[in-house]
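Structure assessment
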Amino acid sequence: MEIRKKIVITRKLPDPIIQELDERNYRIHMWPSEDDPMPYDKIVKEAAEADALLTNVSDQIDKQVLSAGAKLKIVSTMAVGYNNIDIQEASKRGIYVGHTPDVLTEAVADLTFALLLAVSRKIVEGMAFIKADRWNSWGPMLLTGQDVWGSTLGIIGMGRIGEAVSRRAAGFGMNILYCNRNRKPQAEQQLGVAYAELDDLLTKSDFVVMLAPSTPATHRMLGEREFHLMKPNAVFINTSRGENVDEAALFHALKNKRIWGAGLDVFEQEPITSRHRLFGLENVTLLPHIGSATIATRLKMAGIAVQNIKAVLSGGKPAHCVNE
Ligand code: DGY
């Protein structure tokens, strides 16, 4: 009798997604909580018996996990980013790493723009202002923010999400600069974006949006020097990875009003709590890494993560593979 392959899922996923995995073919070990992560030690232990691991951005899939997984054939992450996975080690061991690009592009671009608007127009402060019963009258300069229409947007990292943000920015009459490891002539032509070196982009932009993936080359690419180059009215948005920014330098730039504000969906260490020093600032809007969090997008991501596993466990390759 053929032994059913074991799939370990590190977070509870919706029933319709799990139903795509026929229990006659697979043994499914799913962590029972949607909100709390499977502890690291448990992942190591489960990996030892697993043929496939369905994981997410909050799990550390390092050498220890991968070397425990003697039978492991695929690590399938429900994310486009995979900086939490030791890709080199996985490749060395012949383990596929699957991910879920494309389906989250528009949702992340929407949230990037939502943060840009929220910070520049003080949306969150406005609601808190009413809630605190501080709204006595219309005021000439009450809750005044920064113009979005006609301003200059600088995008760091012109991949799929960068292009989707550019399309939204065009509707707001923004002048768009971008920097990227290589130039994108097609995007320049189709979206009217202009290439700029990083320092030039930082100096000229009213909004700086970080969308680069987290790699050794982008680690803390924005620090004290870069925040000093930005305009005093600049709003900084990060919906990529916290590791791309020196968070202490960002904190000081915001505290000393070197820049005007920031909207952050990602942090150096996640999760953060209300005791995090960024919470002591008035010029920030902070979100709990929800860039791709629409119902439809998350279901699509989970669906692709499952399909990547099914492809590998039936002898094929994941449709979206990081380490072919
Ligand atoms: C990703 O997919 O990399 C996101 O950050 C998770 O939503």
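Model, not experiment: these values are computed from the prediction.

Criteria and thresholds
Residues numbered from 1 in each chain as written. Predicted model: local features only at pLDDT ≥ 70, side-chain atom pairs only at ≥ 80, totals over all residues. UniProt positions renumbered as here; feature names shortened; annotations may be inferred. Helix = DSSP H or I, 4+ residues; strand = E, 2+ residues; numbered from the N terminus. Domains from an automatic or database assignment. Contact = placed C-beta atoms within 7 Å. Near = placed C-beta within 6 Å. Nonpolar A, V, L, I, M, F, W, Y, C, P; charged D, E, K, R; others polar. Pairing = 2+ DSSP bridges. Buried ≥ 20, exposed ≤ 12 C-beta atoms within 10 Å, placed from the backbone. Right-handed = clockwise from strand over helix to strand, strands pointing away. pLDDT = per-residue confidence, 0-100. Arc of directions from axis to C-beta. Axes fitted to C-alpha atoms, helices over the stretch in contact; angles between N-to-C directions.

According to UniProt, the positions carrying the feature "domain: D-isomer specific 2-hydroxyacid dehydrogenase catalytic" (unreviewed entry) are residues 7–323. The span residues 7–323 is 34% helical and 15% strand by assignment, and the distance between its end C-alpha atoms comes to 20 Å.

If you check the domain split of the chain, you get domain 1 (5–103 + 295–313) and domain 2 (105–286). Using C-alpha coordinates to define each centre, domain 1 is positioned 31 Å away from domain 2. Every contact between the two is made by six residues of domain 1 and, on the other side, eight residues of domain 2.

For the rest of this paragraph, the subject is the site of the ligand. Near the ligand, the surroundings consist of Val57, Ala79, Val80, Gly81, Leu104, Gly291 and Ser292. Looking at the shell around the ligand residue by residue, the classes come out as four nonpolar, three polar and no charged.

Our next topic: the sheet that holds strand β12 (residues 284–286). Here we have seven strands laid out as an open sheet, ordered β8-β7-β6-β9-β10-β11-β12, and parallel in their pairing. Two strands bound the open sheet, and with one partner strand each, they are β8 (194–195) and β12.

As a further point, take the pairing of strand β4 (residues 74–77). Here β4 shows no split at all, with Ile74 and Ser76 on one side and Val75 and Thr77 on the other all buried. The pairing of strand β3 (residues 52–55) with β4 spans four bridges and is classified as parallel. Residue pairing for β4: Leu53 is matched across the bridge by Val75. Taken together, β3, helix α3 (residues 63–68) and β4 form a β-α-β motif whose crossover is right-handed. Pairing of β4 with strand β5 (residues 96–98), which is carried by three bridges, proceeds in the parallel orientation. Of the residues in β5, the one forming a bridge with Val75 is Val97. Assessed by its sense of winding, the connection that carries the chain from β4 through helix α4 (residues 87–92) to β5 is right-handed.

The next thing to look at is the confidence of the model for the chain. Averaged over every residue, the pLDDT of the chain is 97; the share at 70 or more is 99%. Overall fold confidence for the complex sits at a pTM of 0.96, while the interface term, ipTM, reaches 0.93.

Of the residues making up helix α2 (residues 40–47), those classed as buried are Ile43, Glu46 and Ala47. End-on, the buried residues of α2 take up no more than an arc of 100°, which puts them together on one face. Structurally, α2 contributes buried residues whose contacts are with β1 (5–9), β2 (26–30), β3 and α3.

We now examine the sheet that holds β4. Taken together, the five strands give an open sheet; going across it, the order is β2-β1-β3-β4-β5, and neighbouring strands pair in parallel fashion. On the outer flanks of this sheet lie β2 and β5, each paired with one strand and no other. Averaged over all neighbouring strand pairs, the angle between strand axes comes to 15°, with direction disregarded. Each of β1, β3, β4 and β5 touches helix α12 (residues 295–313); the most contacted strand, β4, lies at about 165° to it.

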